[in-house]
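Here's the letter readout for the chains.
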Amino acid sequence: MKRNVTILGATGSIGLNTLDVIRRHPDRFRVHALTASTSVDSMASLCREFRPRYAVMADQKGAEALFSQLADLPLTQVLVGEDSLCRVASDRECDTVMAAIVGAAGLVPTLSAVRSGKRVLLANKEALVMSGQLFMDAVAESGAELLPIDSEHNAIFQCMPADRIRNTLAAGITRILLTASGGPFRTFSADSLRSVKPEEACAHPNWSMGQKISVDSATLMNKGLELIEACWLFNVSPDFVEVHVHPESIIHSMVEYADGSVLAQLGSPDMRTPIANGLAWPERIDAGVAPLDLFQIGKFHFERPDLQRFPCLRLAAEAFQRGGTTPAVLNAANEEAVAAFLDGKLCFADIAVIIEQTLDRVATVAADSFDTIFEKDAEARLVAREQMSLASAGGVS
Ligand code: NAD
Ligand code: MG
């Protein structure tokens, strides 16, 4: 039986890589729905190629433009807005959902897929960071099959016994070694970090990704979000996870066992590997990824992360320890600060400053409902913006 796949965020880096894997296996997968924010032309050409049952745009203007471009394609219904995202993520005919919207905007539709018990391929780490326990409770209640797509978490998943990924003690696991490339500014001095430009931050040395996650990789916030993601996915505490900077990005993470064994998953830095792993799991399929040439790579290096130059990793670890709604506040403040940096309105080094100030100003409460999480997300965005206007008026370091 073919898998019927909805791709939330189809026009992004993960979405297009997912479609590339699907394109190679027409016998295994068919596309049920594609969704995008504003990229009408890209959606139109994807719809022509993959003929989904539904195409969802974020707003009315985009939906109307797509509708007129697809006038000769009556089998693809064009829908609009968050309710429609939830509908195509939970439809009965769909069994697999790639959650690849970037940021907090992905939480509601991803949750909709989870609650309807789908195989959920989780790229949208922000959704899990924001709502941790509630998200994992929803997975447990619905029986959804949650498979990690983030390359590190997919690597860890591959290095664990499949039936014990949330019971590391029983599996004899003693440590998770989460690898990080270190980003484009790994060797930059604290001083030179003040003047780096958005184009430099988005030019990742090993991975080609969307803008937001590229900046997160440059600040190491991405590793902070991934630390939190690992704690929820594998039911461990942060001191069980040790970040190893590995600039070659060939080892995608490792798992240490009580007998001294360390299992690693290696591969070229290409997201089609974890995507294919999730789509076909537990089978293995061709992902179009070039074979690894270890003779050419020659050497692997490892260093500890520098929390002085890259405080975002520390802020994320502290936010997780503080618990409750704090990770949602961290995430919202980060999204606002990164957007301002990309817009040329905030200097790179001040991303961490704004996040820390927001964390200091927004009170932590118990994350006992999704409504509470959304309220704190909104409050944190307001506070972060306030801090940034103060900064541009000369009030922040
Ligand atoms: P991207 O910016 O390239 O794509 C984002 C997609 O989400 C686009 O299709 C866009 O149209 C859609 N989108 C954006 N805002 C939206 C909104 N408000 N409503 C509806 N749709 C919206 O991002 P990406 O790099 O593909 O990353 C997607 C997610 O996957 C992120 O959470 C990221 O952290 C995670 N991830 C990405 C990579 C990677 O290699 N790119 C690796 C690991 C994890
Ligand atoms: Mg990752």
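Residues numbered from 1 in each chain as written. Chains lettered and ligands numbered in written order. Predicted model: local features only at pLDDT ≥ 70, side-chain atom pairs only at ≥ 80, totals over all residues. Heavy atoms only, no water.

## A few points about the coordination of the magnesium ion (ligand 2)
Selection rule: For Na, K and Ca the donor cutoff is 3.2 Å, while for all other metals N, O and S atoms count as donors only within 2.8 Å; water does not appear among the atoms, so some sites may look incomplete. Per the convention used, a helix needs a DSSP run of H or I reaching at least four residues, while a strand needs a run of E reaching at least two, with both numbered from the N terminus. Between buried and exposed lies partly exposed: a residue is buried under 20% and exposed over 50% of the maximum accessible area for its type, with that area taken using a 1.4 Å probe on protein chains only.
Within the protein, the magnesium ion (ligand 2) binds to Asp150 (OD), Glu152 (OE) and Glu226 (OE); these donor distances fall in the range 2.1 to 2.2 Å. Positions of the donor residues of the magnesium ion (ligand 2) along the chain correspond to the pattern D-x1-E-x73-E. Taken as a pair, Asp150 in the loop between β7 (145-148) and α7 (151-158) and Glu226 in helix α10 (residues 221-234) lie far apart in primary sequence, 76 residues in all. Given a relative accessible area of 7%, Asp150 falls into the buried group.

## Re the pattern of salt bridges
To be explicit about the condition: In the sections that follow, a salt bridge refers to a side-chain nitrogen of Lys or Arg positioned within 4 Å of a carboxyl oxygen of Asp or Glu.
Inspection of every chain in the model, using the stated rule, returns 29 salt bridges. With a shortest N-O distance of 2.9 Å, Arg272 and Asp20 are connected by a salt bridge. Of the two residues, Arg272 is situated in helix α11 (residues 272-280) and Asp20 in helix α1 (residues 13-23); the sequence distance between them amounts to 252 residues. For the pair shown, Arg272 and Asp20 are each scored as buried. Note that Asp216 is salt-bridged to Lys212, the shortest N-O span being 2.7 Å. Of the two residues, Asp216 and Lys212 both sit in helix α9 (residues 211-219), 4 residues apart, roughly one turn of that helix. In this structure Lys212 comes out as buried when scored by relative accessible area, which is 12%.

## Considering the environment of Glu356
Keep this limit in mind: Two residues form a contact once any of their heavy atoms are found within 4.5 Å.
Relative to the elements of secondary structure, Glu356 occurs in helix α15 (residues 350-361). The exposure class of Glu356 is partly exposed, given its relative accessible area of 30%. Separated by 26 residues in sequence, Glu356 and Leu330 place their C-alpha atoms 8.2 Å apart. When sequence neighbours within four positions are dropped, the list of residues in contact with Glu356 reads Arg314 and Leu315.

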